[in-house]
Amino acid sequence: MQRKKMTLRFDLDRPEDRQAWEYLQGLNAVSLNRTLVSIINQAAHISLMKDDFRSIIREELAAAMKQLPVQSVELEPGSDNEAHDTIMDFLDNFL
């Protein structure tokens, strides 16, 4: 059996470190290693699930967007300055 050793340090001046330290101090010393392994594995699993959810949401949104009716808009021929002036005139209405 191959074992690896890791040292974990807590800065008790930081609230999140103190909270973790206090949680670990309340555990049974025999189960501490197993608990930490379980917590790390759960965090990794949740991270993978988040990535999966993001992919599913992205795919569903893309599929829904493809089904939306889209009307193309053709711009009237003109200079960019005219378009800029029109936009600025519109925005001036709100000031």
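Residues numbered from 1 in each chain as written. Predicted model: local features only at pLDDT ≥ 70, side-chain atom pairs only at ≥ 80, totals over all residues. Heavy atoms only, no water.

### With respect to the overall build of the protein chain
Step number 1: When helices and strands are counted, the protein chain shows three helices and zero strands.
Step number 2: Listed by position from the N terminus, the elements making up the protein chain come as α-α-α.
Step number 3: Rg of the C-alpha trace for the protein chain: 28 Å, well past the compact-globule value of 12 Å for 95 residues, more than 25% over.
Step number 4: In terms of its C-alpha atoms, the protein chain occupies a principal-axis envelope of roughly 75 × 35 × 25 Å.
Step number 5: Counting all 95 residues of the protein chain, 3% fall into the buried class. (Helix = DSSP H or I, 4+ residues; strand = E, 2+ residues; numbered from the N terminus. Rg over C-alpha atoms; globule rule 2.2 N^0.38 Å. Buried < 20%, exposed > 50% of the residue type's maximum accessible area, 1.4 Å probe, protein only.)

### A few points about the side chain of aspartate 17
Step number 1: Checked against the element boundaries, aspartate 17 lands in helix H1 (residues 15-25).
Step number 2: Arginine 14 provides the closest opposite charge to the buried, unpaired aspartate 17, separated from it by 4.0 Å.
Step number 3: Setting aside anything within four residues of it in sequence, one finds aspartate 17 in contact with Phe10, Asp11 and Leu12. (Lys, Arg positive; Asp, Glu negative; His and termini not counted. Salt bridge = Lys/Arg side-chain N within 4 Å of Asp/Glu carboxyl O. Contact = heavy atoms within 4.5 Å.)

### Observations regarding the pattern of salt bridges
Two side chains carrying opposite charge are able to pair once their charged atoms lie near each other.
Step number 1: All chains considered together, the criterion is met by three salt bridges.
Step number 2: In this structure, arginine 18 engages glutamate 22 in a salt bridge whose closest nitrogen and oxygen atoms are separated by 3.7 Å. One end of the pair, arginine 18, and the other, glutamate 22, are both in helix H1, four residues apart, so they sit about a helical turn from each other.

### Focus on a nonpolar patch on the surface
Step number 1: Residues Met49, Phe53, Ile56, Ile57 and Leu61 make up a contiguous nonpolar surface patch of about 490 Å² in total accessible area.
Step number 2: Tracing the backbone shows isoleucine 56 in helix H2 (residues 32-67).
Step number 3: On the basis of relative accessibility, which here comes to 46%, the residue isoleucine 56 falls in the partly exposed class. (Patch = residues over 30% accessible without salt bridge, like charges linked within 9 Å, V, L, I, M, F, W, Y side chains within 5 Å. Areas by Shrake-Rupley, 256 points an atom, 1.4 Å probe, with all protein chains shown as cover.)

### A closer look at the confidence of the model for the protein chain
Step number 1: Averaged over every residue, the pLDDT of the protein chain is 85; residues scoring 70 or more account for 92%.
Step number 2: Taken element by element, the protein chain is modelled with least confidence in helix H3 (residues 80-92), mean pLDDT 79, and with most confidence in H1, mean pLDDT 93. (pLDDT = per-residue confidence, 0-100.)

### Comments concerning the side chain of threonine 35
Step number 1: Along the chain, the position of threonine 35 falls in helix H2.
Step number 2: The buried category is assigned to threonine 35, whose relative accessible area is 17%.
Step number 3: Discounting chain neighbours no more than four positions away, the residues touching threonine 35 are Tyr23 and Leu27.

### Things to note about the environment of serine 31
Step number 1: Relative to the helices and strands, serine 31 is located in the loop between H1 and H2.
Step number 2: In this structure the C-alpha to C-alpha distance between serine 31 and methionine 6, which are 25 residues apart in sequence, comes to 16 Å.

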